[in-house]
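# Architecture at a glance
As a plain string of letters, each chain reads:
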Amino acid sequence: MSIIREGYYFAGTALLVAIFLGAAINPYVAILPAVIACYCLYFFRNPERKIPADASLIVSPADGTVQDVVQLEGDDFIKSPCNKVIIFLSVFDVHVNRSPIAGEIKIQKYICGRFRPAYKDSVGFENERHLIGIENEKLRVTVTQIAGILARRIVSWVTLDDKLEKGELYGLIRFGSCTEIVMPDNVEVLVKKGQKVRGGETIIGRIK
């Protein structure tokens, strides 16, 4: 288990506040910021995952609960019928995002928007979000990080033409959010609404 670099900044800040309040006012006053420091380390955790090697398998880009599986006529990157899997991340889920396939980033968009609760059906159209399209010799997929009412900061460590391995970290969303993955209809969707998934490990699709 490792901690994402951003976690040390938030945890360190909260810990300094706790030390200052404990020394200047009262040790009991330091309890809340100390608890926040511990939560920051928990939130920014990056657990080790076993990535399936089979190139025909698509893995989940995030931890969380499958909110819905929706059929689409196409999107900005996949210009054909496809399926969208929507994953809701609570504040207790791991929040790093992983590449669902090995491939190269061919499209990248950051769309400004609102900060509605991530469980709302319309957040994929209304909320602030970051989209990447990944392509390899077998297929294309689109992955979108979506901000929520608490998750007001989308972090991405990649850019156009970057190459990603399956399960490789590429970003995170801070404090409660939603992640969507769109796959062409030649991929069999292997998850259903209400199912818990683990980023980089749970198989959500298989090339037919």
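To be clear, the structure that these remarks concern was listed above.
Quick caveat: nothing in here was measured; it's all calculated off a predicted structure.

### Some points on the overall build of the protein
- Counting its regular elements, the protein contains three helices and 16 strands.
- Residues classed as buried in the protein amount to 50% of the 208 residues present.
- The long-range fraction of contacts in the protein, counting pairs at least 24 apart against all pairs at least 6 apart in sequence, stands at 70%.
- Within the structure as shown, the protein displays about 10300 Å² of accessible surface, and the carbon and sulfur contribution to it stands at 58%.

### Some thoughts on the pattern of salt bridges
- Applying the stated criterion across every chain, the model contains eight salt bridges.
- Residue D76 is joined to K109 by a salt bridge in which the shortest nitrogen-to-oxygen separation is 3.0 Å. With D76 in the loop between β4 (64-72) and β5 (82-89) and K109 in strand β7 (residues 103-111), the pair connects residues that are 33 residues apart, well separated along the chain.
- Assessed through its relative accessible area of 45%, D76 is described here as partly exposed.
- When its relative accessible area of 33% is taken as the criterion, K109 is described as partly exposed.
- Between R198 and E201 there is a salt bridge; the shortest N-O distance is 2.8 Å.
- Under the relative-accessibility criterion, R198 is labelled partly exposed at 39%.

What counts as what
Residues numbered from 1 in each chain as written. Predicted model: local features only at pLDDT ≥ 70, side-chain atom pairs only at ≥ 80, totals over all residues. Heavy atoms only, no water. Helix = DSSP H or I, 4+ residues; strand = E, 2+ residues; numbered from the N terminus. Buried < 20%, exposed > 50% of the residue type's maximum accessible area, 1.4 Å probe, protein only. Contact = heavy atoms within 4.5 Å. Areas by Shrake-Rupley, 256 points an atom, 1.4 Å probe, with all protein chains shown as cover. Salt bridge = Lys/Arg side-chain N within 4 Å of Asp/Glu carboxyl O.

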